[in-house]
Amino acid sequence: MLTIYGSALSPYVMRVQLQLRAKGLEFALSPTPGGDSKSVEYLALNPIGRVPALRHADWVIPESTVIAEYLEDVFPVPPMLPADAGERARVRLIVRMVDLYLARSVHPLYWQTLAAKPDAAVVAPSLRDLAAALSYLDYYIAPERH
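This structure is a prediction, so every number in the text was calculated from the model and none was measured.

### What about the overall build of the protein?
Phase 1: The secondary structure content of the protein amounts to five helices and four strands.
Phase 2: Each helix and strand of the protein, ordered N terminal to C terminal, gives the series β-α-β-α-β-β-α-α-α.
Phase 3: A total of 146 residues make up the protein; the buried ones form 32% of that total.
Phase 4: Look at the contacts in the protein between residues 6 or more apart in sequence, and 52% of them connect residues 24 or more apart.
Phase 5: For the protein, the computed accessible surface area is about 9,100 Å², with 63% contributed by carbon and sulfur atoms.
Phase 6: Charge-centre separation for the protein: the mean point of 14 positive side chains lies 4 Å from the mean point of 15 negative side chains.

Dropping the structure here:
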């Protein structure tokens, strides 16, 4: 049985769930043991203390990108990556840009939506970073680039 530890609200957990569903694999989404990613129980499984982590057989694998690669190795059908090496690199680059640029700019904005009064000193640079991240993605996703 495949078990994903984390919250359905996490974009990284969502990424793993999408891949599992696309591959037609059954899985369970489970809250982190101890109720928090920094709990003693969860840190015993994943000392990084971040979500998601995937439990499969005797393995607990952290980090959504590593989980995606593991799932592709263990369950290669249907493939989630193109057959062409250049196209696979492009897909990996897009995933990496989402992690490094898009998610990092959206994260502070999410917390500002919960604030009674958003902090312009946080929102303005986050929006600039978000615009830059979207332009990077647009460049590499555009069909004429490949």
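More follows now that the structure is in view.
### So, the side chain of His 56
Phase 1: Here His 56 lies in strand E3 (residues 53–56).
Phase 2: Judged by its relative accessible area of 17%, His 56 is buried.
Phase 3: Those residues in contact with His 56, other than ones at most four positions away along the chain, are Met 1, Leu 2, Tyr 70, Val 74 and Phe 75.

### Regarding the sheet that holds strand E2 (residues 27–30)
Phase 1: Strand order in the open sheet formed by four strands is E2-E1-E3-E4, with mixed pairing between adjacent strands. Where the open sheet ends on each side, the last strands, each with one partner, are E2 and strand E4 (59–62). The sheet shows a mean angle of 20° between the axes of neighbouring strands, direction not considered.
Phase 2: For strand E1 (residues 2–5) and E3, the ladder comprises four bridges, and the chain directions are antiparallel. Along E3, the bridge assignment pairs Leu 2 with His 56.
Phase 3: Along the sheet, helix H1 (residues 11–22) contacts E1 and E2; its crossing angle with E1, the most-contacted strand, is approximately 160°.
Phase 4: Its contacts with the sheet place helix H3 (residues 64–74) against E1, E3 and E4, and it is angled at close to 135° to E4.

### Digging into the layout of surface pockets
Phase 1: Roughly 1,600 Å³ of internal volume is contained in the largest pocket.
Phase 2: Lining the largest pocket are 44 residues, with Ser 10, Pro 11, Tyr 12, Ser 64 and Asp 99 sitting closest to its centre.
Phase 3: Residue assignment for the lining of the largest pocket shows that the elements contributing at least two residues are H1, H3 and helix H4 (85–113).
Phase 4: Residue contributions to the lining of the largest pocket peak at 14 residues, all from H4.

### Considerations on the pairing of E1
Phase 1: Of the two faces of E1, the one carrying Leu 2 and Ile 4 and the one carrying Thr 3 and Tyr 5 are both buried.
Phase 2: Relative to E2, E1 runs parallel, the two being bridged by four bridges. What sits directly across from Ile 4, in E2, is Leu 29.
Phase 3: Handedness of the β-α-β unit built from E1, H1 and E2 comes out right-handed.

What counts, and where the lines are drawn
Residues numbered from 1 in each chain as written. Predicted model: local features only at pLDDT ≥ 70, side-chain atom pairs only at ≥ 80, totals over all residues. Heavy atoms only, no water. Helix = DSSP H or I, 4+ residues; strand = E, 2+ residues; numbered from the N terminus. Buried < 20%, exposed > 50% of the residue type's maximum accessible area, 1.4 Å probe, protein only. Contact = heavy atoms within 4.5 Å. Areas by Shrake-Rupley, 256 points an atom, 1.4 Å probe, with all protein chains shown as cover. Lys, Arg positive; Asp, Glu negative; His and termini not counted. Charge placed at Lys NZ, Arg CZ, Asp CG, Glu CD. Pairing = 2+ DSSP bridges. Axes fitted to C-alpha atoms, helices over the stretch in contact; angles between N-to-C directions. 1 Å grid on protein atoms, 1.4 Å probe; cavity = no way out; pocket = protein on both sides within 12 Å on 5 of 7 lines; lining within 4 Å. Points joined across faces, edges and corners; volume = space filled by probe spheres on them. Right-handed = clockwise from strand over helix to strand, strands pointing away.

Just distances and angles here, no functional claims.
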